[in-house]
Amino acid sequence: MSDVDTTGFASTAPGIGDAGRPSRGAFTRRSIRIVLATAVVGAVLGILWALLAPVEHVAAVGDGRAIVLTGESDHRFDALALFLCVTAAAGVLTTVAVWARVAERGPRLVLDIVVASALASAAAIGAGLAVGAVRYPSADGALRGDVVALAPGVSTWLALLAQPLAAAVTLVLVTALSPSDDLGRDESPGE
């Protein structure tokens, strides 16, 4: 047995017990805010990507078919690489922003950030492809010999993983680099 009096520890120590802990509704509202804000950032970055990504020029040969001009097939890779860089950077920056803003850190925050990043990446692809489809016509109605610029695209759906992966790695780094045992909960501003 110990002679140490432990009465009152749950109510006086910050973050221990139910006294200083946010309610379940507060966690849910925080999760929704994180997902919505990150999805909006993803959609804006998708539109930006669609405006900046290089197009692929093809020559129409009739019947809705086209051939890729010499050197233009590289632009498919360029568009994908630009998308991966933009979304990975967004994963890092949104994770750091959320980490700096949220005081209650733990597994729920990790799940919120990774899920929000995956949804933001999907929003970026959706918005980017939609803007590209509006901005650039298809080669279907082109006459034989016409050179048509095709909208930039994402050649693999694995591109969806760049932002959540960057967010997860960033979370590991900021957690590992946190100087305090409670991950700096007392030092960050309130929600």
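This one's a predicted model, so the numbers in the text were calculated from it and none came from an experiment.

## Topic: the packing of aromatic side chains
Here a ring pair, both rings aromatic, is described through the centre-centre distance and the interplanar angle of the planes.
And then number 1: In total, this model carries 1 aromatic pair according to the counting rule given.
And then number 2: Each ring, one from Trp49 and one from Phe83, has its centre 5.4 Å from the other, and the planes form 75°; the classification is edge-to-face. Residue Trp49 is located in helix 2 (residues 24–52), and its partner Phe83 is located in helix 3 (residues 74–101); the two are separated by 34 residues in the primary sequence. Neither residue differs from the other here; Trp49 and Phe83 are each classed as buried.
And then number 3: Over the ring of Trp99 we find Arg105, and its NZ or CZ is 4.3 Å from the ring centre.

## A few points about the nonpolar core
And then number 1: Core analysis: the biggest nonpolar cluster contains 10 residues, these being Trp49, Ala50, Ala53, Ala79, Leu80, Phe83, Ala124, Ile125, Val154 and Ala159.
And then number 2: When contributions to this core are tallied by element, the ones reaching two or more residues are helix 2, helix 3 and helix 4 (107–135).
And then number 3: For this core, the element with the most residues is helix 3, which contributes 3 residues.
And then number 4: Beyond its immediate sequence surroundings of up to four residues, Ala50 is in contact with Gly128, Val131, Gly132, Arg135, Tyr136 and Pro152.
And then number 5: Among the nonpolar cores identified, the runner-up in size contains 9 residues, and Ile34, Trp99, Val102 and Leu109 belong to it.

## Some thoughts on the packing of helix 4 against helix 5 (residues 162–176)
And then number 1: Running from N to C, helix 4 and helix 5 cross one another at 155°; their axes reach a closest spacing of 7 Å. Between helix 4 and helix 5, the angle is such that the two are roughly antiparallel. With respect to the hand of their crossing, helix 4 and helix 5 are arranged in right-handed fashion. Here Val110, Ile113, Val114, Ser117, Ala118, Ala120 and Ser121 of helix 4 lie close against helix 5, whose contacting residues are Gln163, Pro164, Ala167, Ala168 and Leu171.

## Let's talk about a nonpolar patch on the surface
And then number 1: A grouping of Ile47, Leu48, Leu51 and Leu52 is seen on the molecular surface, where their side chains present a nonpolar patch of about 360 Å² in accessible area.
And then number 2: Along the polypeptide, Leu52 turns up in helix 2.
And then number 3: Among the residues examined, Leu52 registers a relative accessible area of 58% and is labelled exposed.

## A few points about the pairing of strand 1 (residues 56–62)
And then number 1: Across the 7 residues of strand 1, 5 count as buried, placing the element largely inside the fold.
And then number 2: Judged from the 4 bridges that link them, strand 1 and strand 3 (residues 147–150) form a sheet pairing that is antiparallel. When the bridges of strand 3 are listed, His57 appears paired with Ala149.

## Here's the deal with the environment of Val115
And then number 1: Along the chain, the position of Val115 falls in helix 4.
And then number 2: Separated by 77 residues in the primary sequence, Val115 and Thr38 have C-alpha atoms spaced 9.8 Å apart.

## A few points about the environment of Gly62
And then number 1: Assignment of secondary structure puts Gly62 in strand 1.
And then number 2: Residue class for Gly62 comes out buried when judged on its relative accessible area of 17%.
And then number 3: Note: C-alpha distance between Gly62 and Gly145 (83 residues apart in sequence) is 8.2 Å.

## Section: the confidence of the model for the chain
Low-pLDDT stretches of the model should not have their predicted coordinates read in fine detail.
And then number 1: Averaged over all residues, the pLDDT of the chain equals 80, while 76% of them reach at least 70.
And then number 2: Per-element confidence in the chain is highest for helix 5, whose mean pLDDT is 94, and lowest for helix 1 (residues 9–12), whose mean pLDDT is 42.
And then number 3: In the model, residues 8–17 has pLDDT below 50 throughout and makes 4 contacts with residues more than four positions away in sequence or in other chains.

Each value, and the rule that gives it
Residues numbered from 1 in each chain as written. Predicted model: local features only at pLDDT ≥ 70, side-chain atom pairs only at ≥ 80, totals over all residues. Heavy atoms only, no water. Phe/Tyr/Trp six-rings, centres within 6.5 Å; stacked < 30°, edge-to-face > 60°. Helix = DSSP H or I, 4+ residues; strand = E, 2+ residues; numbered from the N terminus. Buried < 20%, exposed > 50% of the residue type's maximum accessible area, 1.4 Å probe, protein only. Lys NZ or Arg CZ within 6 Å of the ring centre and 35° of its normal. Core = buried A, V, L, I, M, F, W, Y, C linked by side-chain atoms within 4.5 Å. Contact = heavy atoms within 4.5 Å. Axes fitted to C-alpha atoms, helices over the stretch in contact; angles between N-to-C directions. Parallel < 35°, antiparallel > 145°, perpendicular 65-115°, else oblique. Left-handed = near helix turned anticlockwise from the far one by under 90°. Patch = residues over 30% accessible without salt bridge, like charges linked within 9 Å, V, L, I, M, F, W, Y side chains within 5 Å. Areas by Shrake-Rupley, 256 points an atom, 1.4 Å probe, with all protein chains shown as cover. Salt bridge = Lys/Arg side-chain N within 4 Å of Asp/Glu carboxyl O. Pairing = 2+ DSSP bridges. pLDDT = per-residue confidence, 0-100.

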